[in-house]
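In case you want the letters, here they are:
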2 protein chains.
Amino acid sequence: MKNNLKHAELKDLFLLKIKALYDIETHLVKALPKMAAHSADKDLKSGFKNHLKETQGQVRRLRNIFFLLGISPQKTQVEAIRGLVKDAEWLIKNIKDTRALDAGLIAAAQYVEHYEIAGYGTALEWAKLLGLEGAARLLKETLREEKAADEKLNRLAKHKVNKQAIRPEE
Amino acid sequence: MKNNLKHAELKDLFLLKIKALYDIETHLVKALPKMAAHSADKDLKSGFKNHLKETQGQVRRLRNIFFLLGISPQKTQVEAIRGLVKDAEWLIKNIKDTRALDAGLIAAAQYVEHYEIAGYGTALEWAKLLGLEGAARLLKETLREEKAADEKLNRLAKHKVNKQAIRPEE
């Protein structure tokens, strides 16, 4: 792949994107249990646990795309997702008040969701342009899940977690 | 600030967010000229140049928020934006075909826009909850700009740059 990038076409970029998304999702599978473990609010904790299961399904969907493309699953190392997870770990290390940390963790998770919405949005557009219908269908499903996850976090932040964080614990 | 995080409240988190956004925007002011310089399509190039001016205005808005909060502008180092810029630099270094690179650069820019939409969305929610009306007004203005920038990139990708990237240059 890397050798071909000199004469790259959209299909090479698409494959690069899928390898990047595969790196991103497998990185998140490792990060989400830590975010669940450090959430105090029970809805937030179960939200992270549910999203872990969803993310594992998204990893499987990417493997199916590799299968459809006729290649074995490979990763391209993405710096942004490592930075996003590091920023969340900084919060866990530095914010001792559990209610404030919950609000910070929701914000960190929404960063990740929006990041993924952009990534899957691009991948879906490229798949459609390239006529890769099977891949497009799988990407669309994940994109829908990521948008729903962001909306869920939004509601939880607005109606509960942010309000709890206005005053710290005694 | 860091010393207070043990008993952090939402207002401490809000201040941390503003310091993080200030770091993000000033980092982008340095990165955008490089993205403009490596864009081949003239609309994409001028898009990056216009967004640089917009970003400089967003930096000024954040300085105004610090002023409203009665503190001098400060930064909190954010790893995610460094990762996002590194991933874009990887594309510049590795994709030699200019049409494919343009498509890659739009995708990289949309990652950044969505990342910022999440960041300003959270900051705006927190400002409203804390009753910081002046800050909320400024954040809302930037959030509107970031959403418009993402939409503009979307249209440019869909109607022009992605189509050009299907076939590489001769």
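What you see is a predicted model, and the numbers here were worked out from it, not measured in a lab.

A. Focus on the relation of the copies chain B and chain A. Each copy superposes on the other: chain B lies on chain A with an RMSD of 0.0 Å after a rotation of 180 degrees and an axial shift of 0.0 Å. Interpreted geometrically, this transformation is the action of a two-fold axis. Residue by residue, 100% of the interface of chain B is reproduced at the interface of chain A, so both copies engage with the same surface.

B. Structural detail: the packing of aromatic side chains. A complete count under the given rule lists four aromatic pairs over all chains for this structure. With a centroid separation of 5.4 Å and an interplanar angle of 75 degrees, the aromatic rings of Tyr22(A) and Phe66(A) are classed as edge-to-face. Here the residue Tyr22(A) occupies a position in helix 1 (residues 10–37), and Phe66(A) occupies one in helix 2 (residues 42–69), the gap between them amounting to 44 residues. Per residue, the accessibility class of Tyr22(A) equals that of Phe66(A), and both read buried. Seen from their ring centres, Tyr115(A) and Tyr111(B) are 4.2 Å apart, and the 20 degrees between their planes marks the pair as stacked. You can see Tyr115(A) sitting in helix 4 (residues 98–129) and its partner Tyr111(B) sitting in helix 4 (residues 98–129), one on each of two chains. Among the residues examined, Tyr115(A) registers a relative accessible area of 1% and is labelled buried.

C. The interface of chain B and chain A, seen in detail. Residue-level contacts link 47 residues of chain B with 47 residues of chain A. For the pair chain B and chain A, the interface holds two salt bridges. Listing elements by their share of the side of chain B that touches chain A, those giving two or more residues are helix 1 (10–37), helix 3 (79–94), helix 4 and helix 5 (133–165) of chain B. A per-element tally of the side of chain B that touches chain A places helix 4 of chain B first, with 15 residues. A class-by-class count of the residues in the side of chain B that touches chain A yields 25 nonpolar, ten polar and twelve charged.

D. Spotlight on a positive patch on the surface. A cluster of basic residues, Lys30(A), Arg60(A), Arg63(A) and Lys75(A), forms a positive patch at the surface. One can find Arg60(A) in helix 2.

E. Expanded view of the environment of Arg61(A). Summarising the element assignment, Arg61(A) is placed in helix 2. Expressed as a C-alpha distance, the spacing of Arg61(A) and Tyr22(A), which sit 39 residues apart in the sequence, is 9.5 Å.

F. Up close: the packing of helix 1 of chain A against helix 4 of chain B. Between helix 1 of chain A and helix 4 of chain B, the shortest axis-to-axis distance is 9 Å and the interhelical angle comes to 30 degrees. Viewed along their axes, helix 1 of chain A and helix 4 of chain B adopt a mutual orientation that is roughly parallel. Here helix 1 of chain A runs over helix 4 of chain B; the crossing is right-handed. Residue-level contacts link Leu10(A), Leu13(A), Lys17(A), Leu21(A) and Ile24(A) of helix 1 of chain A to Ala100(B), Ala103(B), Gly104(B), Ala107(B) and Tyr111(B) of helix 4 of chain B.

G. Focus on the pattern of salt bridges. Residues and elements named next belong to chain B. On inspection of all chains with the given rule, the structure shows 18 salt bridges over all chains. As a salt-bridge pair, Asp23 and Arg82 come within 2.9 Å of each other at their nearest N and O atoms. Here Asp23, found in helix 1, pairs with Arg82, found in helix 3; they are 59 residues apart in sequence, far enough to count as distant. Judged by relative accessible area, which is 5%, Asp23 ranks as buried. Across the salt bridge formed by Glu141 and Arg61, the nearest N and O atoms sit 3.6 Å from each other. In this pair, Glu141 is assigned in helix 5 and Arg61 in helix 2 (residues 42–69), connecting sequence segments 80 residues apart. Assessed through its relative accessible area of 35%, Glu141 is described here as partly exposed.

The rules we used
- Residues numbered from 1 in each chain as written.
- Chains lettered and ligands numbered in written order.
- Predicted model: local features only at pLDDT ≥ 70, side-chain atom pairs only at ≥ 80, totals over all residues.
- Heavy atoms only, no water.
- Least-squares fit on C-alpha atoms with pLDDT ≥ 70 in both.
- Contact = heavy atoms within 4.5 Å.
- Phe/Tyr/Trp six-rings, centres within 6.5 Å; stacked < 30°, edge-to-face > 60°.
- Helix = DSSP H or I, 4+ residues; strand = E, 2+ residues; numbered from the N terminus.
- Buried < 20%, exposed > 50% of the residue type's maximum accessible area, 1.4 Å probe, protein only.
- Salt bridge = Lys/Arg side-chain N within 4 Å of Asp/Glu carboxyl O.
- Nonpolar A, V, L, I, M, F, W, Y, C, P; charged D, E, K, R; others polar.
- Patch = residues over 30% accessible without salt bridge, like charges linked within 9 Å, V, L, I, M, F, W, Y side chains within 5 Å.
- Areas by Shrake-Rupley, 256 points an atom, 1.4 Å probe, with all protein chains shown as cover.
- Lys, Arg positive; Asp, Glu negative; His and termini not counted.
- Charge placed at Lys NZ, Arg CZ, Asp CG, Glu CD.
- Axes fitted to C-alpha atoms, helices over the stretch in contact; angles between N-to-C directions.
- Parallel < 35°, antiparallel > 145°, perpendicular 65-115°, else oblique.
- Left-handed = near helix turned anticlockwise from the far one by under 90°.

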